[in-house]
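One letter stands for each residue in the lines below.
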2 protein chains.
Amino acid sequence: MDLWHWLFGRPLKFSQSQQEEITTSEGLAALSLDALSSVAYGPEAIATVLITAGAGALPLLMPITWAIVGLLAILVISYAQVIEAYPNGGGAYVVSRENLGEGASRLAAAALVVDYVLTVAVSIAAGIAAFTAAFPPLVPYTVPLCLALLALITYLNLRGVGESARAFLLPALIFIFGLGWVIVRGAVQVVAHPLRFAAPPIEAHTVGVLLILRAFAAGCSALTGVEAIANGVPLFREPRVVRARNTEWLLGFILGGMLVGLSYLMVHYHLRPQPDTTMLSQVAIFAVGRSWLFYVVSLATTAVLGLAANTSFGGLPLLASILARNHELPHLFAIRGDRLVYQYGIAWLAVASALLLTASRGNTFAMIPLYAIGVFTGFTLSQSGMVVHWVRHRPRHWVWKAGVNGLGAVLTGIATLVFVFTKFLEGAWLVVVTIPTLIWIFYRVRRYYHRVGILLGVGQPPPVLHIPSAVRVIVPFSALTRVTVRALEQALAMSHDVVALTVLFEPGADQMERQLQETWAAWAPPARLVVLRSQYHSVVRPILRFVESLEHLGGQRVVVLIPEVIPTRFGQAWLHNQIAMNLLTALRRRADVVVGIVPMHLDPD
Amino acid sequence: MDLWHWLFGRPLKFSQSQQEEITTSEGLAALSLDALSSVAYGPEAIATVLITAGAGALPLLMPITWAIVGLLAILVISYAQVIEAYPNGGGAYVVSRENLGEGASRLAAAALVVDYVLTVAVSIAAGIAAFTAAFPPLVPYTVPLCLALLALITYLNLRGVGESARAFLLPALIFIFGLGWVIVRGAVQVVAHPLRFAAPPIEAHTVGVLLILRAFAAGCSALTGVEAIANGVPLFREPRVVRARNTEWLLGFILGGMLVGLSYLMVHYHLRPQPDTTMLSQVAIFAVGRSWLFYVVSLATTAVLGLAANTSFGGLPLLASILARNHELPHLFAIRGDRLVYQYGIAWLAVASALLLTASRGNTFAMIPLYAIGVFTGFTLSQSGMVVHWVRHRPRHWVWKAGVNGLGAVLTGIATLVFVFTKFLEGAWLVVVTIPTLIWIFYRVRRYYHRVGILLGVGQPPPVLHIPSAVRVIVPFSALTRVTVRALEQALAMSHDVVALTVLFEPGADQMERQLQETWAAWAPPARLVVLRSQYHSVVRPILRFVESLEHLGGQRVVVLIPEVIPTRFGQAWLHNQIAMNLLTALRRRADVVVGIVPMHLDPD
């Protein structure tokens with residue numbers, strides 16, 4: 001087993017790919033941590049907007065949270081319907097493509113790509129921020145810590161998503177049960193000691209509709225990630241629809257419960273946003289004190305926030321592979337590696353989010369304003385698509401189903417517009433620029449493949465063969481050693497028209513040519529010797545020029561066979577100059593000839 | 001003109017290479033700045049040792065400097081003799097090789113390589129240290145500044161040494177004349193006002209012989225670089241021997257004068273080493289005050305110290321090319337690029353000194369103890385070699401000439417031993433480890449090329465040709481498009497035994513195979529279709545296995561022709577997967593077959 005296989009695992013057969021599929025609870029860890037972990041910043045985001053109108057506005061946290069949970073319920077029902085209707089995954093992209101046409105599907109795809117990258121960057125930044133808040137001496141190392149966590153997640157995903165789901169299951173369960181216990185414990189305290197938590201006297205303030213809208217928009221950042229399960233249905237073990245739907249319901253209940261519970265406690269504890277700590281952390285301290293449970297919940301929050309990034313590593317490579325198969329992204333993204341993962345999508349996502357993390361210097365709040373737009377665009381498109389779907393297919397209860405999705409479409413559409421207008425200057429403009437750029441790329445890639453397909457005759461019956469009557473073979477060489485002789489033998493087996501070609505430099509070219517001609521005459525092989533002189537210190541250029549001059553005479557019947565010594569040990573490659581491969585690369589790029597290597601494997605030890 | 005040529009200059013013809021040769025004064029700038037700039041730390045190094053015995057020992061600076069200047073005189077005379085006897089350069093290496101045998105020449109080469117790398121690192125570090133001493137806010141950026149200066153020098157050298165010599169001429173002249181003026185002005189002051197510079201009363205101390213030896217050894221760091229001109233004779237314009245010898249004499253006079261002058265002023269000004277400044281800087285302040293001349297001299301010192309690194313960029317690539325032609329280093333080092341410079345040697349030197357600068361964090365004094373050993377080993381070997389040379393050839397005055405070189409050999413040999421013993425724990429051990437390692441590498445490389453030469457029959461008449469009667473051609477493909485058809489046409493022009501080979505994956509392989517067989521039957525080309533199934537997600541592995549199975553049947557008569565679509569625009573390469581080149585690389589490394597590309601150039605726009 002070599003280093004590569006030790007690092008990334010042995011190649012997997014297709015028959016082993018079952019191993020890489022996930023169960024309901026693993027699905028919660030692999031695809032839902034984005035949504036679940038957003039409780040760590042969602043309610044605080046609402047409170048941050050409300051506090052601008054004074055402490056008297058803070059009790060509005062509760063009704064706004066209920067509105068968001070209502071939207072969550074509609075989304076969960078809606079995505080359960082999507083999972084059933086589209087068991088091959090793709091979420092907003094596939095739904096829009098089938099029901100709303102190409103334009104809408106490209107918009108959905110672009111929005112999702114932006115969202116996946118932001119999910120990785122925001123989650124990792126928030127996770128490391130929570131961690132460094134607990135261990136302040138590490139604050140100066142925020143960016144390296146972010147990149148290290150990103151590298152770890154990338155590595156686990158390159159080994160295969162099944163293994164990563166399992167690795168993330170334990171912290172997810174600790175987070176859910178730990179935070180659940182904090183909420184229950186806190187609620188019992190509030191109910192048992194109503195006087196202790198009586199509201200202090202505060203002044204009343206007028207709260208405008210715009211402020212409530214902005215608070216609602218900010219809180220919607222807690223809903224990002226709800227669509228991930230519908231995108232990732234094919235990752236589930238059979239019966240995959242049932243498992244995926246159960247995971248979606250489970251996510252809805254846990255997320256809704258946490259949001260309501262946390263907002264309830266925040267309102268009754270009279271908490272407000274503070275620098276250097278989080279409101280989630282304040283809730284935990286009120287409920288359980290600075291006990292071991294507080295530290296467990298804090299660390300689990302850090303872990304789960306960081307690992308939420310994994311949601312995107314489950315989703316983006318799959319979406320990119322669907323786009324690639326549809327010729328809207330380079331075909332590379334559809335290639336699965338030895339471990340049956342889409343390695344190019346994983347690598348691209350890692351690079352893009354590393355750039356974002358570095359550019360924002362690991363600051364969560366610099367990225368959050370960009371975040372919800374992509375997701376809510378996807379929500380709107382997929383709900384609208386589902387309405388069209390139900391109207392077209394008309395199954396039982398289709399009116400009710402279309403109604404649910406229609407309500408979702410209207411609400412999420414309004415929310416998207418609210419985000420764009422309320423967050424434009426805070427960074428949303430970047431998303432507004434990026435999404436059309438991505439759409440343009442999809443369009444150009446598609447057009448390129450379409451034209452290449454026509455030029456190559458894809459889908460056409462193969463054309464009549466025009467076999468050239470013979471080939472002329474050219475063997476470039478530097479000295480008449482055994483490797484050259486071998487290449488000449490191969491050339492003479494293919495053709496009776498063989499040219500041995502060498503390039504001489506000044507000084508001493510005359511004498512070298514005389515010697516070579518003498519040796520050649522004495523040896524007398526059935527091939528012609530051509531000696532070129534070069535003014536420059538390059539063999540590639542004169543050979544290329546010679547080959548191009550032949551090309552124009554005889555069409556495509558020229559074959560260049562390059563002799564190459566290949567040492568059997570890897571390290572010895574440095575001892576041979578790389579002329580053969582340089583020449584091959586230059587000829588293949590620039591000349592219309594067949595170009596080949598005649599390797600001679602040597603083990604001098 | 002593309003970016004590459006804009007950055008590195010247009011390719012040069014051999015006939016243009018005259019341009020790249022240097023005159024006497026350019027030679028002083030290109031090959032002697034190492035030696036000249038060492039006046040900035042040489043006298044201070046002596047004083048630093050003497051001060052450990054108290055201020056009373058400092059007047060010994062003068063006699064020790066005279067001893068070093070005496071050694072310098074012997075070295076200069078000796079190297080002028082070397083230049084005359086060996087006009088093709090190579091210095092210690094060539095001299096030892098011709099007169100003392102292979103073992104000694106390898107020792108000389110290893111010592112020189114170590115010395116060249118240290119010269120670059122020490123000079124750049126010292127130059128940047130002088131610069132940051134003048135501009136203290138830049139101190140935290142020492143390492144990046146060192147690397148930036150290194151990158152600049154590397155770039156100039158990749159464009160060609162002639163241009164760099166010209167770029168360095170001006171600072172070299174400012175340094176020489178500026179420092180010369182400081183010394184003359186200072187000396188006039190001392191002579192004119194003897195009372196002002198009367199010695200303050202200091203206690204007498206006993207000074208041991210070992211201390212004097214150590215002070216002498218430290219001061220010899222001022223002599224490093226004296227050999228560079230003899231190594232670089234071929235860089236000079238004709239008459240090159242005369243020009244090189246004149247440059248050597250000029251270097252000797254300037255360096256000797258500066259050393260004596262600076263030591264004289266240091267003793268008469270009663271200076272001693274101080275933190276945060278240099279003794280050279282103290283001398284300049286005493287002589288000319290904090291005038292504009294002081295700043296000019298300081299900046300020129302910085303520039304010249306930094307540019308001293310260029311001495312090695314003149315020397316090491318040339319030495320490496322001589323070693324490569326002698327098969328003791330990879331042949332790559334003998335390849336000249338478009339600008340007729342040994343680009344691999346330049347690149348290697350840049351990387352090695354960047355590592356040293358980073359590891360030492362740009363600290364000059366961490367590297368100085370390693371520095372003189374390599375040079376003085378070279379001095380000793382080249383002097384000893386010259387003694388043998390004179391004894392063998394016996395020209396006129398050979399006894400006198402052999403005497404000069406013999407004296408030099410004994411003195412520098414003693415000095416080398418003094419360095420090793422007095423500086424071992426300060427870092428000399430690193431050199432003592434590196435030199436034998438390099439010798440071992442030379443030996444192994446030589447042995448490798450020797451064995452490869454035997455296997456390839458280098459120098460033998462070419463063997464009798466054994467031409468195979470026919471070849472079997474295999475064309476791997478993924479779809480029956482025009483690019484595949486073209487490759488089949490080429491294959492059929494070479495052979496009547498053509499196999500079209502494809503690999504299918506689950507799921508859906510059965511149906512795809514049925515369709516393909518039908519198309520093939522309808523098309524009916526004069527070739528055989530072979531369909532492989534893969535359990536894994538790789539096409540390379542099954543094709544390699546298939547080719548290897550044929551190899552064992554028919555010897556070397558198998559040719560693999562890989563169809564490849566090549567877009568005419570560079571950026572479009574990403575839209576095609578790199579399977580063709582991956583397959584070619586795998587087959588050429590691991591299979592004993594001819595492997596070629598059938599390119600199809602496409603411009604879909």
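Computed from a predicted structure; not experimentally measured.

Definitions and limits used
- Residues numbered from 1 in each chain as written.
- Chains lettered and ligands numbered in written order.
- Predicted model: local features only at pLDDT ≥ 70, side-chain atom pairs only at ≥ 80, totals over all residues.
- Helix = DSSP H or I, 4+ residues; strand = E, 2+ residues; numbered from the N terminus.
- Rg over C-alpha atoms; globule rule 2.2 N^0.38 Å.
- pLDDT = per-residue confidence, 0-100.
- Least-squares fit on C-alpha atoms with pLDDT ≥ 70 in both.
- Contact = placed C-beta atoms within 7 Å.
- Buried ≥ 20, exposed ≤ 12 C-beta atoms within 10 Å, placed from the backbone.
- Pairing = 2+ DSSP bridges.
- Right-handed = clockwise from strand over helix to strand, strands pointing away.
- Axes fitted to C-alpha atoms, helices over the stretch in contact; angles between N-to-C directions.
- Expected span 1.5 Å × (residues − 1).
- Parallel < 35°, antiparallel > 145°, perpendicular 65-115°, else oblique.
- Left-handed = near helix turned anticlockwise from the far one by under 90°.
- Nonpolar A, V, L, I, M, F, W, Y, C, P; charged D, E, K, R; others polar.

J.: It is not clear to me how the overall build of chain A should be interpreted in this structure. Could you clarify?
T.: On a plain count of helices and strands, chain A comes out with 21 helices and five strands. The C-alpha radius of gyration of chain A comes to 32 Å, more than 25% above the 25 Å expected for a compact globule of 605 residues.

J.: Where do I start with the confidence of the model for chain A in this structure?
T.: Low-confidence regions, as indicated by low pLDDT, have predicted coordinates that should not be scrutinised in detail. Here chain A shows a mean pLDDT of 83. Residues at 70 or above account for 91%. Here the prediction assigns the complex a pTM of 0.72, and the interface score ipTM is 0.74.

J.: I'm lost on the relation of the copies chain A and chain B in this one. Help?
T.: Relating the two copies of this chain is a rotation about some axis coupled with a shift parallel to it. For the pair chain A and chain B, the relating rotation is 180°, the translation along its axis is 0.0 Å, and the fit reaches an RMSD of 0.1 Å. Such values leave the two copies arranged in the relation of a two-fold axis. Measuring from the rotation axis to each C-alpha of chain A, the shortest distance belongs to G596(A), at 1.7 Å. Here 100% of the contact residues of chain A are again contact residues in chain B; the copies associate through an equivalent surface.

J.: Honestly, unusual backbone geometry in this entry has me stumped. Any pointers?
T.: Trans peptide bonds make up the majority, and among non-glycine residues the majority have a negative phi. All names here are of chain A. For the bond running from E238 to P239, omega is -5°, close enough to zero to count as cis. Take P239: it is sitting in the loop between α11 (228–231) and α12 (240–268). For H327, which is not a glycine, the phi torsion comes out positive at approximately 65°. Tracing the chain through its elements places H327 in the loop between α14 (292–325) and α15 (343–359). Positive phi, normally seen in glycine, also occurs at R394, with a value near 45°. Along the chain, R394 turns up in the loop between α16 (364–393) and α17 (398–456).

J.: Whenever I open this one, the pairing of strand β1 (residues 472–476) of chain A confuses me. Can you help?
T.: In the case of a regular strand, side chains alternate between the two sheet surfaces. Residues and elements named next belong to chain A. In terms of burial, β1 is a largely internal element, five of the five residues being buried. Residues R472, I474 and P476 of β1 are buried on one face, and the alternating residues V473 and V475, pointing to the opposite face, are buried as well. Looking at chain direction, β1 and strand β2 (residues 497–505) are connected through five bridges and run parallel. Following the sheet pairing, V475 is matched in β2 by A500. Handedness of the β1-helix α18 (residues 482–494)-β2 crossover: right-handed.

J.: I tried to follow the sheet that holds strand β4 (residues 558–567) of chain B on my own but got confused; where do I start?
T.: Either a parallel or an antiparallel arrangement is found when strands of a sheet pair, and the pairing is made through backbone hydrogen bonds. Reading across from one edge, β3(A)-β2(A)-β1(A)-β4(A)-β5(A)-β5(B)-β4(B)-β1(B)-β2(B)-β3(B) is the order of the ten strands in this open sheet, with mixed pairing throughout. Whereas interior strands pair on both sides, the edge strands pair on one side only; in this sheet they are β3 (528–534) of chain A together with β3 (528–534) of chain B. Geometrically, the sheet is characterised by an average inter-axis angle of 30° between neighbouring strands, direction not taken into account. Where β2(A) lies against β3(A), seven bridges are found, and the strand directions are parallel.

J.: Before we go on, may I ask you to explain the environment of L145(B) in this structure?
T.: With respect to the helices and strands, L145(B) occurs in helix α8 (residues 142–159). Discounting residues that sit within four places of it in the chain, L145(B) has contacts with I128(B) and L138(B).

J.: Can you walk me through helix α19 (residues 509–523) of chain B in this structure?
T.: Residue and element names in this part refer to chain B. For α19, with 15 residues, the first-to-last C-alpha span of 21 Å sits near the 21 Å given by 1.5 Å per residue. Sparse coverage of α19 is indicated by the burial of zero of its 15 residues. Positive backbone phi, approximately 55°, marks A524, located one or two places after α19.

J.: Which parts of the structure should I look at to understand the packing of helix α5 (residues 61–85) of chain B against helix α10 (residues 209–219) of chain B?
T.: When two helices pack together, their arrangement is given by the angle between the helix axes and by the axis-to-axis distance. Residues and elements named next belong to chain B. The geometry of α5 relative to α10 is characterised by a closest axis approach of 10 Å and an angle of 50° between their N-to-C directions. Viewed along their axes, α5 and α10 adopt a mutual orientation that is oblique. For the element pair α5 and α10, the recorded crossing hand is right-handed. Residues I64, T65, A67 and I68 of α5 lie in contact with α10, whose contacting residues are I212, A215, F216 and G219. Of the residues assigned to the contact of α5 with α10, the class counts are six nonpolar, two polar and no charged.

J.: I'm lost on the environment of I22(B) in this one. Help?
T.: Residues and elements named next belong to chain B. Considering the arrangement of structural elements, one finds I22 in the loop between α1 (3–8) and α2 (24–31). The buried category is assigned to I22, around which 26 C-beta atoms lie within 10 Å. Each C-alpha atom of the pair I22 and R237 lies 5.3 Å from the other, and the pair is 215 residues apart in sequence.

J.: Hey, could you run me through helix α6 (residues 91–99) of chain B in this one?
T.: Every α-helix winds through 3.6 residues per turn, so residues three or four apart in the chain are directed the same way. Residue and element names in this part refer to chain B. With respect to burial, α6 is a largely interior element, eight of its nine residues being buried. All buried positions along α6 are accounted for by G91, A92, Y93, V94, V95, S96, R97 and N99. Looking at the residues trailing α6, positive phi occurs at G101, about 100°.

J.: Which parts of the structure should I look at to understand the packing of α2(B) against helix α12 (residues 240–268) of chain B?
T.: Residue and element names in this part refer to chain B. Two elements in contact, α2 and α12, have axes separated by 9 Å at closest approach and are oriented at 60°. In terms of axis orientation, α2 runs oblique to α12. Our pair here, α2 against α12, has a crossing hand that is right-handed. From α2, T24, G27 and L28 reach across to α12, where they touch R243, A244, N246, T247, L250 and L251.

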